[in-house]
Amino acid sequence: MRFLPTAEQGDFARSLRALLAAADVPAAARAWAAGDHAPGRALWAGLGELGVFALAVPEAHDGVGVLPVELATAFVELGRAGAPGPLVETASAAVLLGEHGPAAGAGKRWLPGVAAGGTVLALAGPGSPYALDADAADAVLAVSETGELVAAVGHGVVRASADPARRLAAPVTGGGERLGAVPASWWRWPALLTAAQALGVGEALLARTVEYVGQRTQFGAPVGSFQAVKHRLADTLVALEFARPLVFGAAVTLAERDVAAAKLAAGEAAYRAARTALQLHGAIGYTEELDLALWLRKARPLRTAWGAPADCRARLLA
C-alpha cells in the first residue's frame, strides 16, 4: 500500500502554499484580531477560488464533494500560514449541512457561498458555550446537547481569548431555527481539521525556530550548534513527525478513535513546538511585533479546541 500523497494532492498543497506565501497573512491576522475582517475576507475569497472550501461541500451545492484527505492537506497549510478566521468551523458546518447531512434546504442557503469563499459560518458544540468569530460570521450554528443543529438568532458579547485572532462569543439559540439532527460522530470533523491546523502551526513554529537559532550567536558560535538546543529541536521534530501520519490516517478512516489519537498527538506536538520556540527565542519571543507571536498564540487554543487532551484520551480508552 502507498501511504503517500498523490501527485494531485501534492500539487494542490504547493498551489495553496504559494497563494498563502504571496498574501500578507500576518497583516490579515492582526487586522482580524483588531476587528477588521476585510483583509481576512479577501484571503478567504482567494482560498475559495482555489477550491479549498469546495472540498467540504457536495457537488449539488457547487462543491467537489467531501474529501477529508484533501481537507486535511489544506488545513495543514492554513495552519502553517497562520490564516485567521473560523476555518475549521466553516468547513465542518458545511459538511453537516451537506446533502448527506441534516437540512438539505439550509445547505442551499449557505453552501454555495461557502464553496466560493464568500460565506463564513461559526459553529459551537454542546461542550462549549462559545462560538469562534461569531461577529465575523454570516451565520452562527450550534449543536445542542440533544444532538440537534440550530441556527442561532445572534450572539453575545465578543470576548478575547488566548489568541487575539480567535474572538469568542456565546451563540443565542433560543428561538433559533432547528435544522435537524446530526450524527453522534459529528465532532470528528472539527477535531480532524483542528488537528491538521495544529500540525501546520507546529511545523511553522519549528521552521522559524531552526532559522533563528542558526542566526543567533553566543560564545562566538550559532546557538543551533549547541547539543542541548539540537536535542530540544529533535524532540519537537519527532513529535510532529509522529503526529503527521496519525492526522492523515484519521482523514482516511474517519474512525472516532483515529481522530481522537490524531487530535491528541497533533495538539500536544504543536504545544511542544510553541514551548520550544519560546524558550529558544528568548525574550524576543514575547514581543507582539515579532510574527512568531501569531503562531505561539494559536498553539495553546488549538490544543484544547474541539477535543482537549483529556477528552481525546477518554475517547481512546472508551
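Conventions used here
Note on numbering: residues in each chain are counted from 1, in written sequence order. Thresholds applied to this predicted model are a pLDDT of at least 70 for local features of residues and 80 or more for the giving and counting of side-chain atom pairs; totals over whole chains, interfaces and linings are not thresholded and use all residues. With hydrogens and water stripped out, all remaining heavy atoms of the structure feed into the side-chain values. The numbering of helices and of strands both runs from the N terminus, where a helix is a DSSP run of H or I of at least 4 residues and a strand a run of E of at least 2. Values of the radius of gyration come from C-alpha atoms, whereas the globule rule sets the reference at 2.2 Å times the count of residues to the power 0.38. Think of it in three bands: with a 1.4 Å probe and only protein chains considered, a residue is buried below 20% of the maximum accessible area for its type, exposed above 50%, and partly exposed in between. By definition, residues are in contact when any of their heavy atoms lie within 4.5 Å. By the counting rule applied here, Lys and Arg register as positive and Asp and Glu as negative, while His and the ends of each chain are not counted. Charged groups are reduced to one reference atom each: NZ for lysine, CZ for arginine, CG for aspartic acid, CD for glutamic acid. Within this scheme a cavity is a closed region of a 1 Å grid, computed over the protein atoms alone, that accommodates a 1.4 Å probe without allowing it to escape, whereas a pocket is open but has protein on both sides within 12 Å along at least five of seven lines; lining residues each have an atom within 4 Å of a point. Grid points are joined across faces, edges and corners, and a volume is the space filled by probe spheres set on the points. Each residue is assigned to one of three groups, with Ala, Val, Leu, Ile, Met, Phe, Trp, Tyr, Cys and Pro labelled nonpolar, Asp, Glu, Lys and Arg labelled charged, and all others, Gly among them, labelled polar. Here, any two strands with at least 2 DSSP bridges between them count as paired. A helix is expected to reach a length of 1.5 Å times the quantity of its residues less one. Here a pair means two rings of Phe, Tyr or Trp (six-membered ring of Trp) with centres within 6.5 Å. Their orientation is stacked below 30 degrees between planes, edge-to-face above 60, and tilted elsewhere. Note on criteria: charge over ring means Lys NZ or Arg CZ within 6 Å of the ring centre, with the direction from the centre no more than 35 degrees off the ring normal. Salt bridge, as used here: a side-chain nitrogen of Lys or Arg that lies within 4 Å of a carboxyl oxygen of Asp or Glu.

J.: Please provide a residue-by-residue account of the overall build of the protein chain, values included.
T.: A count of helices and strands for the protein chain gives 11 helices and 10 strands. A compact globule built from 318 residues would reach a C-alpha radius of gyration of about 20 Å, and the protein chain, at 19 Å, matches this within 12%. Principal-axis analysis of the C-alpha atoms places the extent of the protein chain at approximately 65 × 45 × 35 Å. Here the protein chain holds 318 residues, and the buried ones make up 53% of them. Pairs at least 24 apart in sequence give 70% of the contacts found in the protein chain among residues at least 6 apart. Computed over 28 positive and 29 negative side-chain charges, the separation of the two mean positions in the protein chain equals 7 Å.

J.: Explain empty space enclosed by the protein to me, and be specific about the residues and the numbers.
T.: If you walk through the whole model with that rule in mind, you get 2 cavities of 30 Å³ or more. Each pocket or cavity is described by its volume, and for the largest cavity that value is around 60 Å³. Looking at the largest cavity, the residues that line it are Ala83, Pro84, Gly85, Leu132, Asp133, Asp163, Ala165, Arg166, Gln197, Lys298 and Leu302. Residues belonging to the lining of the largest cavity are distributed by class as follows: 5 nonpolar, 2 polar and 4 charged.

J.: Requested: an account of the pairing of strand β1 (residues 121-124), with residues and values cited.
T.: Going residue by residue along β1, you find Leu121 and Leu123 tucked away on one face and Ala122 and Ala124 tucked away on the opposite face as well. Here β1 pairs with strand β3 (residues 139-143) via 4 bridges, running parallel. Along β3, the bridge assignment pairs Leu123 with Leu141.

J.: Run through helix α3 (residues 38-50), naming residues and quoting values.
T.: End to end, α3 covers 19 Å across 13 residues, agreeing with the expected 18 Å (1.5 Å per residue, within 8%). Remark: Gly51 follows α3 within two positions and exhibits a positive phi of approximately 95 degrees.

J.: I'd love a proper account of the packing of aromatic side chains, names of residues and values included.
T.: Between two aromatic rings, the relevant description is the distance of the centres plus the angle of the planes. Applying the stated criterion across every chain yields a total of 2 aromatic pairs. For the pair Trp186 and Trp306, a centre-to-centre distance of 5.8 Å together with 85 degrees between the ring planes defines the contact as edge-to-face. Residue Trp186 is found in the loop between β8 (177-181) and α7 (188-215), and its partner Trp306 is found in the loop between α10 (292-304) and α11 (309-317); the two are separated by 120 residues along the sequence. Just above the ring of Trp187 sits the side chain of Arg315; from NZ or CZ to the centre is 3.8 Å.

J.: So what's going on with the pattern of salt bridges? Which residues, and what values?
T.: With the rule as written, the count across this model stands at 15 salt bridges. For Arg41, the salt bridge goes to Asp138, with nearest N and O atoms at 3.3 Å. Residue Arg41 is located in helix α3, and its partner Asp138 is located in the loop between β2 (131-132) and β3; the two are separated by 97 residues in the primary sequence. Residue Glu203 is joined to Arg80 by a salt bridge in which the shortest nitrogen-to-oxygen separation is 2.2 Å. Pair noted here: Glu203 is in helix α7 and Arg80 is in helix α4 (residues 68-81), with a separation of 123 residues, a long-range link.

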